[in-house]
Amino acid sequence: MRITALLMVAGAALALALDPDCAPGGNFDLTKWVLQEPVGDDGKPRQISSSKLVGCDGYQDKWFSTSSKDGSMVMKVPKRSECVSTPNSKHCRSELREDSPRSWDPHARTNRLFGDVQVIKSKGDICVGQIHMDASVSHKPVALLYVNPEGDLTFGVATCRTCTSKRSAVGHVEPNSRFTYEIRYEKNKLSLSINGGGFKEFDTGRLDGPKSYFKAGNYNQDDNASEVHFFRVHVSH
């Protein structure tokens, strides 16, 4: 409880520092990310480079913007029939894809993704953070953190480079409430913490640490429109 309380205080202080009049790039370090949006050409979702995202006057539109209420980073997705998806996924996304480094070694000492997030609108599962294998290895994800409208959290983990991930329950939050997560894939060990709690380690079977990268945002698993707000997103290597 003490750790959670400290996180809430720190999160509140951080929220006060977010400027509602700035684009997301003025409140968040987006120098390491490329933005993937749910619109674009058929099979080729629009991508916005980090150079266009950074700064208070950086890129924003109806899918990626700043909340006028609290300065959080807003990531929206339309219903599936109106979105553009990738050749390897039917799901819509408004999502940050790690781009610097483009990929990394899971055997290294430090590979961490931290998110402070709130799902505002959804009718199905939303993936708010994930690790994906580099395209030179596979088009499969290593791990995906999902939250559903009831606040149930599940973590999907692959156990081989061609396997479909298998989910397990990892916690519960109040529906539409703000929570934090940290995903680590370092020293060839995959682990997850929710709301500052202890890290739970997951068996990756025969995966054997493929080159990987982080993603964070609104990766919608449902057919309906959705909205996710981030108050912090940060990677460490």
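Check the entry above for the structure.
Let me sum up the structure you'll find in this document.

Cut-offs and rules
- Residues numbered from 1 in each chain as written.
- Predicted model: local features only at pLDDT ≥ 70, side-chain atom pairs only at ≥ 80, totals over all residues.
- Heavy atoms only, no water.
- 1 Å grid on protein atoms, 1.4 Å probe; cavity = no way out; pocket = protein on both sides within 12 Å on 5 of 7 lines; lining within 4 Å.
- Points joined across faces, edges and corners; volume = space filled by probe spheres on them.
- Nonpolar A, V, L, I, M, F, W, Y, C, P; charged D, E, K, R; others polar.
- Pairing = 2+ DSSP bridges.
- Helix = DSSP H or I, 4+ residues; strand = E, 2+ residues; numbered from the N terminus.
- Axes fitted to C-alpha atoms, helices over the stretch in contact; angles between N-to-C directions.
- Phe/Tyr/Trp six-rings, centres within 6.5 Å; stacked < 30°, edge-to-face > 60°.
- Buried < 20%, exposed > 50% of the residue type's maximum accessible area, 1.4 Å probe, protein only.
- Contact = heavy atoms within 4.5 Å.
- Disulfide = S-S within 2.5 Å.

**Section: empty space enclosed by the protein**
Then, number 1: This model, assessed by the stated rule, comprises one cavity of 30 Å³ or more.
Then, number 2: Lining of the largest cavity is provided by Val119, Ser122, Val147, Asn148, Pro149, Gly151, Val173, Glu174, Pro175, Asn176, Ser177 and Phe179.
Then, number 3: Class assignment of the residues belonging to the lining of the largest cavity gives a composition of six nonpolar, five polar and one charged.

**Some remarks on the sheet that holds strand E11 (residues 178-186)**
Then, number 1: Spatially, E3-E4-E15-E6-E11-E12-E13 is the arrangement adopted by the seven strands of the open sheet, whose pairing is antiparallel. Either end of the sheet is taken by a strand with one partner, and the two such strands are strand E3 (64-66) and strand E13 (200-202). Here the average twist between neighbouring strands, direction ignored, is 30°.

**What to know about the packing of aromatic side chains**
Then, number 1: Under the definition given, this model contains three aromatic pairs.
Then, number 2: A ring pair is formed by Trp104 and Phe214, whose centres lie 4.8 Å apart and whose planes are at 40°; its orientation type is tilted. With Trp104 in the loop between strand E5 (92-98) and strand E6 (112-121) and Phe214 in strand E14 (residues 212-220), this residue pair connects regions lying 110 residues apart in the sequence.
Then, number 3: Overall, the relative accessible area of 0% leaves Phe214 in the buried class.
Then, number 4: Through pairs of rings, three or more aromatic residues link up here, namely Trp104, Tyr185 and Phe214.

**Focus on the environment of Gly40**
Then, number 1: Mapped onto the secondary structure, Gly40 falls in strand E1 (residues 33-41).
Then, number 2: Judged by its relative accessible area of 39%, Gly40 is partly exposed.
Then, number 3: Linking Gly40 and Pro175, residues 135 residues apart in sequence, is a C-alpha distance of 31 Å.
Then, number 4: Dropping the residues within four chain positions of it, Gly40 is found in contact with Arg46 and Val84.

**Some points on the state of the cysteines**
By definition, a disulfide links the sulfur atoms of two cysteine residues through a covalent bond.
Then, number 1: Within the structure shown, the criterion is met by three disulfides.
Then, number 2: Each disulfide pairs two cysteine sulfurs, and for Cys22 the partner residue is Cys56, the sulfurs being separated by 1.8 Å. Classification of the bridge connecting Cys22 and Cys56 rests on its S-S torsion, roughly -95°, and on that basis the disulfide is left-handed. Here the residue Cys22 occupies a position in the loop between helix H1 (2-17) and helix H2 (24-27), and Cys56 occupies one in the loop between helix H3 (50-53) and E3, the gap between them amounting to 34 residues.
Then, number 3: Shown here is the disulfide that connects Cys160 with Cys163, its sulfur atoms set 1.9 Å apart. Between Cys160 and Cys163, the S-S dihedral sits near 105°, and the bridge is therefore right-handed. Each member of the pair, Cys160 together with Cys163, is buried.
Then, number 4: Indicated for the protein chain is the disulfide connectivity 1-2, 3-4, 5-6, based on numbering the bonded cysteines in sequence order.
Then, number 5: Cys127 takes part in no disulfide bond, and the closest cysteine sulfur to it belongs to Cys92, at a distance of 14 Å.

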